[in-house]
Amino acid sequence: MRREKRQRAAHKIHIPQWAVWYVLFMIVIIFWHLLMHEYIGDAVTNFSKGLDSDTLINILKRRYNNWSSRVIIEGLLYLIARYVNLWKLCNIAVYALFAYSLLYLTDFKHPKLTLGLWLTYPVIEMASAGWIATYMNYFWPLAMCTYAMISLHKLYNGKKIHLIEWLTFSLAALFAANVEQVCVLYACVLTGFGIDYFLIQKSKKGFVFYILQWIITLGNIAFICLSRGNSVRTWKEIGMRMQDFGTMSIIDKGVLGAVVTMGKLVTANLNFLIFVTVIFAISILNRYYSEKKTTGLKKLITRICFALPFAAAVGLTVFKTASETFFPQIVGVLLNYVRVDAENWYNLKYYVPFIVYMVMIMAILVALLNLFEDVKKSFMLAALFMTGLLSRVVLGFSPTLYASNMRTFIFFDAVIIFIIVLMYCFSAEVRKKLPQRVHKAASYIFTAAVVISVINNAVAVCARI
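Residues numbered from 1 in each chain as written. Predicted model: local features only at pLDDT ≥ 70, side-chain atom pairs only at ≥ 80, totals over all residues. Heavy atoms only, no water.

### Regarding the overall build of the chain
- Secondary structure summary: the chain contains 23 helices and 0 strands in total.
- Relative to the compact-globule value of 23 Å for 465 residues, the chain shows a C-alpha radius of gyration of 23 Å, a close match.
- Burial analysis of the chain (465 residues in total) assigns 49% to the buried set.
- Relative to all contacts within the chain whose residues are 6 or more apart in sequence, the contacts with residues 24 or more apart total 79%.
- A total accessible area of about 23500 Å² is found for the chain, and carbon and sulfur atoms account for 68% of it.
- Taken together, the 46 basic and 22 acidic charged side chains of the chain have centroids lying 10 Å from each other. (Helix = DSSP H or I, 4+ residues; strand = E, 2+ residues; numbered from the N terminus. Rg over C-alpha atoms; globule rule 2.2 N^0.38 Å. Buried < 20%, exposed > 50% of the residue type's maximum accessible area, 1.4 Å probe, protein only. Contact = heavy atoms within 4.5 Å. Areas by Shrake-Rupley, 256 points an atom, 1.4 Å probe, with all protein chains shown as cover. Lys, Arg positive; Asp, Glu negative; His and termini not counted. Charge placed at Lys NZ, Arg CZ, Asp CG, Glu CD.)

Below you can see the structure in the form of structure tokens.
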């Protein structure tokens, strides 16, 4: 009798699908951390030894005045850097928070897609300055920013934010906005949220909390701009990396940031390739299954915009060798960008990367704006893409643009993954019309790609000295 009751009770226990994928995701993350070793990097050479000869307050004062405004992040770095196992436990916990926050922002829909896409991220990029320093300077702010955005999601959906949540969300935003890129990203999100929630919907609920988020963001921007250390570091980096940086105008820096960002996206970013592939795939589904039809010039323009980013990304990644063989001049100019200056301004070939990538950005925006019938959804996707793009383009105003390389794309990668999940959700009606075998084939292909990525990341972690 007792056995039957236990069996019935077991049958009544319902484990949500997202929880299963969440656990599997965390198992992979724990496995990767078991393979990680920290022998070189900023944490080993600098942060782990800092407290041996001075107090934390004195160290942070010197850093703020002579090198960096990231004193909140670096304060934790100095405390944790010498304890690698403690950092691993903290990093796993941050991963857990990030994964949950990402699922929350997508309403726990399609957890396999959401978490699977993140597992395709090349984790080796988080070792470029050592595991500890890179993770804490880039991934931790991303995780905290994602968690802070839950507050906006709650407000938008009419849910109450309790006092303890006010505190945790605000502290998370304070930590995240200590990074310049997050300030740009979060400011764009707050702007879009404010326009939609307060101006269009005329809602007044949560306005005080919203203003608090702006105070935190603008306060961090002021803290960053007023840091003498950032100015000192900028001039040192100019001397080491970009001697002509001081002669560049604001437009020059913006163009440089945009071109370098798009160049890396198109030629070396798997999530961007998936992103443009999804746009192209949904456009094909709309062509055959959607009731909305376009004609004339608009039809031609939208089809070009749907196909162009996909063709460019595939041509410069999957078929890169063939492209270099048949179009060596164009590919060479795109892959080896040279900034237009006083010595080469008359040569038109140096303008090609800027023209090509600006056309691609416009094509992506037009594609997103015409991908779905709901104008609000389409505009949100386009706004999110521009938000992610700006979070990387802003590095054009820093002489470390080339030195920081791919690790600074992590914020844009997160936005791209979020957009992919949203596009998948928004295309539900069209996808229902596909045969079941197509759904299964797509699921198998995606699962195989994630498994290969997990193995590839594990090998990369092991190969890292």
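### Remarks on the packing of helix 7 (residues 111-119) against helix 21 (residues 410-426)
- Running from amino to carboxyl end, helix 7 crosses helix 21 at an angle of 150°, the nearest separation of the two axes being 10 Å. It follows from the interaxial angle that helix 7 and helix 21 lie roughly antiparallel. The two elements helix 7 and helix 21 cross, and the hand of that crossing is right-handed. On helix 21, the residues touching Leu113, Thr114, Leu117 and Trp118 of helix 7 are Ile410, Asp413, Ala414, Ile417, Ile420, Val421 and Tyr424. (Axes fitted to C-alpha atoms, helices over the stretch in contact; angles between N-to-C directions. Parallel < 35°, antiparallel > 145°, perpendicular 65-115°, else oblique. Left-handed = near helix turned anticlockwise from the far one by under 90°.)

### Some thoughts on the side chain of histidine 153
- Structurally, the position occupied by histidine 153 is in helix 8 (residues 131-156).
- Classification of histidine 153 as buried rests on a relative accessible area of 12%.
- Apart from residues no more than four positions distant in its own chain, histidine 153 is found in contact with Tyr104, Leu105 and Asp107.

### Let's talk about unusual backbone geometry
- Its identity is not glycine, yet phenylalanine 108 carries a phi of approximately 60°, on the positive side.
- Here phenylalanine 108 is to be found in the loop between helix 6 (84-105) and helix 7.

### A closer look at the pattern of salt bridges
- Considering all chains together, one arrives at 9 salt bridges under this definition.
- The closest approach of N and O atoms between lysine 376 and aspartate 196, which form a salt bridge, is 3.5 Å. A residue pair is termed long-range when its members are at least 10 positions apart, and lysine 376 in helix 19 (residues 375-393) and aspartate 196 in helix 10 (residues 180-200) qualify at 180 residues.
- Overall, lysine 376 belongs to the partly exposed group, its relative accessible area being 46%. (Salt bridge = Lys/Arg side-chain N within 4 Å of Asp/Glu carboxyl O.)

### Describing the packing of helix 6 against helix 8
- It is at 9 Å that the axes of helix 6 and helix 8 come closest, and there the two elements cross at 30°. On the basis of the axis angle, helix 6 is roughly parallel to helix 8. When the axes of helix 6 and helix 8 are compared, the crossing they make is left-handed.
- Considered class by class, the residues forming the contact of helix 6 with helix 8 number 22 nonpolar, 4 polar and 1 charged. (Nonpolar A, V, L, I, M, F, W, Y, C, P; charged D, E, K, R; others polar.)

### Remarks on the packing of aromatic side chains
- All told, the structure shown has 36 aromatic pairs when counted by the stated rule.
- Relative to phenylalanine 139, the ring of tyrosine 135 has its centre 5.6 Å away and its plane inclined at 90°; by these criteria the two rings are edge-to-face. Taken together, the residues tyrosine 135 and phenylalanine 139, both in helix 8 and 4 residues apart, mark about one turn of the helix.
- Note on phenylalanine 139: relative accessible area 1%, which makes it buried.
- Pairing tyrosine 138 with phenylalanine 411 gives two aromatic rings, centres 6.4 Å apart and planes at 50°, and the pair type is tilted. Note that tyrosine 138 is positioned in helix 8 and phenylalanine 411 in helix 21, a separation of 273 residues in sequence.
- Its relative accessible area of 9% is what places tyrosine 138 among the buried residues.
- The buried category is assigned to phenylalanine 411, whose relative accessible area is 1%.
- Across the ring face of tyrosine 138, the terminal group of arginine 70 is positioned such that the distance to the ring centre comes to 5.5 Å.
- Geometry around tyrosine 424 places arginine 431 over its ring, the cationic atom sitting 3.6 Å from the centre. (Phe/Tyr/Trp six-rings, centres within 6.5 Å; stacked < 30°, edge-to-face > 60°. Lys NZ or Arg CZ within 6 Å of the ring centre and 35° of its normal.)

### What about the environment of valine 71?
- Within the secondary structure, valine 71 sits in helix 5 (residues 71-80).
- When the C-alpha positions of valine 71 and tyrosine 357 are compared, they lie 36 Å apart, and in sequence the two are 286 residues distant.
- In this view, valine 71 contacts Leu60, Tyr64, Asn178 and Phe223; residues no more than four positions away in its chain are not counted.

### As for the side chain of asparagine 178
- Summarising the element assignment, asparagine 178 is placed in the loop between helix 9 (163-176) and helix 10.
- Residue classification places asparagine 178 among the buried positions, given a relative accessible area of 0%.
- In terms of polar contacts, asparagine 178 uses its side chain to reach the backbone amide nitrogen of isoleucine 72, at 3.2 Å. (Polar contact = N/O pair within 3.5 Å; in protein donor to acceptor, adjacent residues only side chain to side chain.)

### So, helix 5
- Across the 10 residues of helix 5, 7 count as buried, placing the element largely inside the fold.
- Among all positions of helix 5, only Val71, Ile73, Glu74, Gly75, Leu77, Tyr78 and Ile80 are buried.
- Against helix 3 (42-47), helix 4 (56-66), helix 6, helix 8, helix 9 and helix 11 (207-225) lie the buried residues of helix 5.

### Re helix 8
- With 26 residues, helix 8 ought to run about 38 Å at 1.5 Å a step, and its terminal C-alpha atoms sit 36 Å apart, in line with that.
- At asparagine 137, helix 8 shows its maximal bend, which comes to roughly 30°, and the proline proline 141 appears one to four places after that position.
- Most of helix 8 is tucked away, with 25 of its 26 residues classed as buried.
- With its phi angle positive at about 75°, glycine 158 sits one or two positions after the end of helix 8. (Expected span 1.5 Å × (residues − 1). Bend = angle between axes of the 7 residues up to and from the residue.)

### A short note on a nonpolar patch on the surface
- Residues Leu297, Leu300, Ile301, Ile304, Leu308, Phe354, Ile355 and Val359 make up a contiguous nonpolar surface patch of about 700 Å² in total accessible area.
- Looking at the nonpolar patch, the elements with two or more residues in it are helix 15 (296-315) and helix 18 (352-369).
- At 5 residues, the largest contribution of residues to the nonpolar patch is made by helix 15.
- Along the chain, the position of valine 359 falls in helix 18. (Patch = residues over 30% accessible without salt bridge, like charges linked within 9 Å, V, L, I, M, F, W, Y side chains within 5 Å.)

### Remarks on the environment of serine 151
- By secondary structure assignment, the location of serine 151 is in helix 8.
- What makes serine 151 buried here is its relative accessible area of 0%.
- Measuring from C-alpha to C-alpha, the distance between serine 151 and phenylalanine 169 comes to 6.7 Å, with 18 residues separating the pair along the chain.
- When sequence neighbours within four positions are dropped, the list of residues in contact with serine 151 reads Ile161, Phe169, Tyr186 and Phe209.

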